[in-house]
Amino acid sequence: MRFRAKIVDLACLNHFGRVINTVAKLAKTCTLRLTVGKLYFILSDKVANGGVSMWCELCQGNFFDEFQMEGVAAEHNEIYLELVPENLSRALKTAQNAKAVKIKLTNKHCPCLRVAVELPSLSSSSRIVTHDIPVGVIPKRLWNDFREPSVPDFDVSIYLPVLKTMKSVVERMKNLSNSIVIEANLSGEMNLKIETDLVSVTTHFKDLGNPPWASEDGCQSSAQDTNLESMAEACIDIRKLQQLLAGQQVNPTKALCNIVSKRIVHFILLHEDVSLQYFIPALA
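Residues numbered from 1 in each chain as written. Predicted model: local features only at pLDDT ≥ 70, side-chain atom pairs only at ≥ 80, totals over all residues. Heavy atoms only, no water.

(A) Seen up close, the packing of aromatic side chains. For the coordinates displayed, the defined rule picks out seven aromatic pairs. Aromatic side chains Phe 3 and Phe 67 sit 5.4 Å apart centroid to centroid with 65° between the ring planes, which places their arrangement in the edge-to-face category. Linking Phe 3 in strand 1 (residues 2-7) with Phe 67 in strand 5 (residues 66-70), this pair joins segments that are 64 residues apart in sequence. Judged by relative accessible area, Phe 3 falls into the buried class, the value being 4%. Assessed through its relative accessible area of 15%, Phe 67 is described here as buried. Within the aromatic cluster, the residues linked to one another by ring pairs are Phe 3, Phe 16, Phe 63, Phe 64 and Phe 67. Over the aromatic face of Tyr 40 sits the side chain of Arg 33, whose NZ or CZ is 4.4 Å from the ring centroid. (Phe/Tyr/Trp six-rings, centres within 6.5 Å; stacked < 30°, edge-to-face > 60°. Helix = DSSP H or I, 4+ residues; strand = E, 2+ residues; numbered from the N terminus. Buried < 20%, exposed > 50% of the residue type's maximum accessible area, 1.4 Å probe, protein only. Lys NZ or Arg CZ within 6 Å of the ring centre and 35° of its normal.)

Here it is in structure tokens:
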């Protein structure tokens, strides 16, 4: 089992750092899955912990100048590691003006991801700062716990408003309530609502648009037959939503959410070379 990679391009390095910062804001610990073509950061919390799950997918060719890996076996050419993303984020913060960054899986005293940052130097000899980040190797028998979550059979799929606007609305509402209702319909309308004994606040968004993808595989056929104006809604933990909006540093080209009424809200943030899915279950 081997893994080594190298980033030289500064724009790629900073972009990778932003992705890791986003992941670190959403998960204290997560699973890093390495394959020949992709990296995945996975959080699959059990329902007892609030049930939030995350699936972040990166094409390695868009970030790394060199990328070599050998999985646990020829027929299972993958590696699954458990790590604290904040540790990786801190290591990459020292690399903002680096000439190159090398990442390597080592096993001196315990399994580690070694991040070697080559910094610019005035002399001919280079300065290298090394960070050893402890990781846990996840055995193959547990890999099935980290498969990509299936897209739920949703009632409504809708594009999100500008995330900065949504974030400021949610941050204000967070001071008034612990929960928030997200409701949307197939006419491009979405409402964010909070209701307490003292106050009721609703923010309306219109003309957001609905993704056309659902009709391709017929998974939204039931929704196509319903009234376009009727709202699907779910009440979720407002802190979980605020965490997603506040931690977001990837600036997605597309952002949308799928609502399964009273059950789950599934957020998808898409960038050219990164996709982030985030699932927040409805409160009972």
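(B) Representation of a nonpolar patch on the surface. Taken together, Met 1, Val 72 and Val 137 make up a surface patch of nonpolar side chains, about 240 Å² in accessible area. Looking at where Met 1 falls in the secondary structure, it is placed in the segment before strand 1. Note on Met 1: relative accessible area 44%, which makes it partly exposed. (Patch = residues over 30% accessible without salt bridge, like charges linked within 9 Å, V, L, I, M, F, W, Y side chains within 5 Å. Areas by Shrake-Rupley, 256 points an atom, 1.4 Å probe, with all protein chains shown as cover. Salt bridge = Lys/Arg side-chain N within 4 Å of Asp/Glu carboxyl O.)

(C) Up close: the sheet that holds strand 2 (residues 30-34). The nine strands lie next to each other as 10-6-2-3-4-18-17-16-11, forming an open sheet whose pairing is antiparallel. Strands at the two margins of the open sheet, each flanked by one partner only, are strand 10 (136-137) and strand 11 (156-159). Sheet topology places strand 4 (residues 53-59) next to strand 18 (residues 274-281); six bridges connect them, and they run antiparallel. Looking at the pairing, Ser 53 lines up with Phe 279 of strand 18. (Pairing = 2+ DSSP bridges.)

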